[in-house]
Amino acid sequence: MICMLLVAGHGTILETQIKSDVTGLYAHLTGVPKALLPGVGGKKILDFWWETVNTRQLFSEVYLVTNADKYKHYERWATANDFPVENVVNDGSTTLDDRLGAVADLELAIRSRQLQDDIMVIAGDMLCADQNFDIAQVIRFFRSKPGELAIYYELESGEKSYTRGIVEVCPNTHRVMRFFEKPQEGVTASRLASVVFYCLRKESLLYISEFLIQHPDVNDRTFGKFWEWLINEEKIPVYGMKLPTGFQLIGQVGLSDYTKWLAHYSSKQQLSPSKPITCRSFARVGLMGNPSDGFNGKTIAMSIANFWAEVTLMESQTLVLLPHPLNDPTEFGSLQDLFRISRKEGYLGGLRLLQATCKKFYQFCSEQGIALSKQNFTLKYDTNIPRQVGLAGSSAIVSATLKCLMKFYNITDNDLPKPIRANFILNVETDELFITAGLQDRVVQVYEGLVYMDFNKQLIDERGYGEYVPLDMSDLPLFWLAYLGNPSDSGRIHSNVRQRWLNGESTVVEAMKSFAELTDQARAAFQCKDWPRLAQLMDENFELRRSVYSDDCLGPGSLKMVQLARQFGSAVKLPGSGGAVVGLCMDTERLVEMKRAFQEAGCVFCFIVPYDPSVQGQN
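Residues numbered from 1 in each chain as written. Predicted model: local features only at pLDDT ≥ 70, side-chain atom pairs only at ≥ 80, totals over all residues. Heavy atoms only, no water.

Where an unreviewed UniProt entry is consulted, the chain appears under the name Glucuronokinase 1-like, with the organism given as Cyprinus carpio.

## Details of helix α19 (residues 556–567)
Along its 12 residues, α19 runs 17 Å from first to last C-alpha, staying within 8% of the 16 Å computed at 1.5 Å per residue. Listing the buried residues of α19 in full gives G557, S558, L559, M561, V562, L564 and A565. Following α19 by one or two positions, G569 has its phi on the positive side, about 75 degrees. (Helix = DSSP H or I, 4+ residues; strand = E, 2+ residues; numbered from the N terminus. Expected span 1.5 Å × (residues − 1). Buried < 20%, exposed > 50% of the residue type's maximum accessible area, 1.4 Å probe, protein only.)

## A few points about the UniProt feature "domain: GHMP kinase N-terminal" (unreviewed entry) in the chain
UniProt records the feature "domain: GHMP kinase N-terminal" (unreviewed entry) at residues 369–449, using the numbering of this structure. Span residues 369–449 is 48% helix and 10% strand, its end C-alpha atoms 31 Å apart. (UniProt positions renumbered as here; feature names shortened; annotations may be inferred.)

## Concerning the sheet that holds strand β20 (residues 580–584)
Across the sheet, which stays open at both edges, the 4 strands sit in the order β19-β20-β18-β21 with antiparallel pairing between neighbours. Here the strands that pair on one side only, and so sit at the sheet edges, are β19 (571–573) and β21 (603–607). Sheet twist, expressed as the mean angle between neighbouring strand axes with direction ignored, is 20 degrees. Sheet topology places strand β18 (residues 479–484) next to β21; 5 bridges connect them, and they run antiparallel. Residue pairing across strands places L481 opposite C606, the latter belonging to β21. (Pairing = 2+ DSSP bridges. Axes fitted to C-alpha atoms, helices over the stretch in contact; angles between N-to-C directions.)

## Points about the pattern of salt bridges
In the structure shown here, the tally under the stated rule is 30 salt bridges. As a salt-bridge pair, K242 and E154 come within 3.2 Å of each other at their nearest N and O atoms. Here K242, found in strand β10 (residues 238–242), pairs with E154, found in strand β6 (residues 148–154); they are 88 residues apart in sequence, far enough to count as distant. A single network of salt bridges, built from pairs that share partners, joins R284, E429, D441 and R442. (Salt bridge = Lys/Arg side-chain N within 4 Å of Asp/Glu carboxyl O.)

## Points about the pairing of strand β2 (residues 61–66)
Here β2 lies mainly inside the structure; 5 of its 6 residues are buried. Sheet topology places strand β1 (residues 2–6) next to β2; 5 bridges connect them, and they run parallel. Looking at the pairing, L6 lines up with V65 of β2. Relative to strand β3 (residues 88–90), β2 is paired through 3 bridges, and the arrangement is parallel. Bridged to T66 within β3 is N90.

## Quick word on the environment of V548
Within the secondary structure layout, V548 lies in helix α17 (residues 531–548). For V548, a relative accessible area of 5% translates into the label buried. Considering only alpha carbons, one finds V548 and V509, 39 residues apart in sequence, at a separation of 9.9 Å. Contacts of V548, omitting those with residues within four sequence positions, involve V497, R500, V508 and A511. (Contact = heavy atoms within 4.5 Å.)

## As for the nonpolar core
Grouped together as the largest cluster of nonpolar side chains are 110 residues, with contacts concentrated most on M302, F361, W480, L481, F526, L534 and F598. The element that contributes the greatest number of residues to this core is helix α11 (residues 393–408), accounting for 9 residues. Once residues lying within four places of it in the same chain are set aside, the contact partners of F526 are L287, I300, L450, L471, L476, F479, W531 and L534. One finds L106, L200, I208 and V238 within the second-largest nonpolar core, a separate group that totals 93 residues. (Core = buried A, V, L, I, M, F, W, Y, C linked by side-chain atoms within 4.5 Å.)

## Some remarks on the side chain of T378
The residue T378 is located in strand β15 (residues 376–383) in this model. Here T378 falls in the buried class, since its relative accessible area comes to 11%. A distance of 3.0 Å separates a polar atom in the side chain of T378 from a polar atom in the side chain of S316. For T378, the residues in contact, after removing those within four places along its chain, are T312, L313, M314, S316, T318, V320 and L322. (Polar contact = N/O pair within 3.5 Å; in protein donor to acceptor, adjacent residues only side chain to side chain.)

## Concerning the packing of aromatic side chains
This model, assessed by the stated rule, comprises 27 aromatic pairs. With 4.8 Å between their ring centres and 65 degrees between their planes, W50 and F83 make a pair best called edge-to-face. Here W50 is found in helix α2 (residues 45–53), whereas its partner F83 is found in the loop between α3 (71–80) and β3, with 33 residues between them in sequence. Accessibility assignment for this pair places W50 and F83 in one class, buried. (Phe/Tyr/Trp six-rings, centres within 6.5 Å; stacked < 30°, edge-to-face > 60°.)

## Here's the deal with the confidence of the model for the chain
The predicted model of the chain averages 90 in pLDDT, with 95% of residues at 70 or higher. Per-residue pLDDT, averaged within each element of the chain, yields its smallest value for helix α8 (residues 255–271) (67) and its largest for strand β16 (residues 450–454) (98). The model gives residues 489–493 a pLDDT under 50, and that stretch makes 14 contacts with residues more than four places away or in other chains. (pLDDT = per-residue confidence, 0-100.)

## Overview of the environment of F526
The residue F526 is located in helix α16 (residues 506–528) in this model. Judged by its relative accessible area of 4%, F526 is buried. Sequence separation between F526 and S474 is 52 residues; the distance between their C-alpha atoms is 10.0 Å.

## Let's talk about the pairing of strand β9 (residues 192–200)
Counted residue by residue, β9 has 9 buried out of 9 residues, so it is predominantly covered. Of the two faces of β9, both are covered, the one formed by L192, S194, V196, Y198 and L200 as well as the one formed by A193, V195, F197 and C199. Relative to β9, strand β4 (residues 119–123) runs antiparallel, the two being bridged by 4 bridges. Its bridge partner lying in β9, V121 is registered against Y198. Sheet topology note: the strand β7 (residues 165–169)/β9 ladder contains 2 bridges and is antiparallel. If you follow I166 over to β9, its bridge partner there is A193.

So this is what it looks like as structure tokens:
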């Protein structure tokens, strides 16, 4: 592949304003070409791009296209920066009036050097907010697609779409469906801005000459006009890749805008490495419909503030995953100590969850056309979610890790929407770690709060996710939670029900439909705040589950807790896969007595504090 750095524009606005500035602050920049002006961190703008593309592993040659007016500046720059002077192409223009146009400059370099290879085109006078993005990832994505590639970014709040080339990108195929060069307000809702950063296949270079023949006016020979023509008129397949950073072509701005964006991007660079990112995800209780989430059913679940997983990400020189001293022990008091811990907790701590999430995150971004910066980090986690009692402890660690990675790499909700995020977390566990799981936990940990979920098969087949609706959390009744003090592996609770369902066994199929019906009734009870009806439905949910899963499968510990709760007149059901129960006692006077009874039975008992994401400062 060949890289082409374009610096042939005549920067009349910026150059004129620097020359006429009366403060004297910019006198030393008079006559300096735009690409050689200071960029982020004090480094020349062109220095950054040269360092980015100066690798023989990626590019066989790098060319610099300039004009005759500034040629000597770039010749001196080339000798000082070990850039091959023979690869500096002079387009012969000296003023704005006799300029060739950006597309004609590219064609000149291709024709004069007889180039026959894939070409990456970059504007060498472009400020970039992120100085560490991975250009190799860009090339890999380009080669994975049967077409050209256009880099884009999401406009910041202060940027106007009518100052940029705007693309509409299909979220599934990543194909650029429409290109709008500086569109008027209302023409498109897209906020995705294309920049002069493209990849062209060698077999597509002939389109450049064809475009120039059809567009003899130099004012039309811009890359914006070229991509409008290629995408909208010629229908040539062009794919989009997002860089989670900002870009500014300083050739199109004045002195005030140049200094403003330089200061803005520089401040981002200064702030990014120092501040750790900490994110939490909360445990959840399934209040209705579970375990039908794994069987195209419906459920209602709630995140609870009692228990959480917390992940902290800090920028570092190398990528480090820190083991948790309790959950990933590497040091033991004795061989007997190792034996007892291993027998009780097994060998699978949280470190594998961090690693699998990072691996899947990179894979997702690569497949979705999101180029990540080459920044390393250290991850550590902590959790107080009880293990092996079905409160979604594993997915909470994955969810919190994903939140940190999204913040660190500036991945937005548009890049990874909430329903897709839930699928991502599930795939980390099922595809990477072979954990038996359903979507419910991941959905409620992404949306947070009290969530109604419909996992309708047709919906999931058509769009990849179900219908997820947050419910009102005001004036909720007091739920309670109890779990075994010494639980067994909760993963065994699913038994052979899935295979029976796949085989079409009527008992299981009808039961899953009944779970969905109970969930719809429970949703109505929540909306009407009919708590006695909700309590009745919770009991029905448990009995339906018991009819499908044998008592042996539910486990003696869970059954014992259910029986104990019922002695005090409380509604009760399993909140997850097993090892815990959640209840709603309408007789509040008996709650203290019931709590004491659970504690005396060797269980841990607590009153649930619902986590409401709309309440500021609760996290």
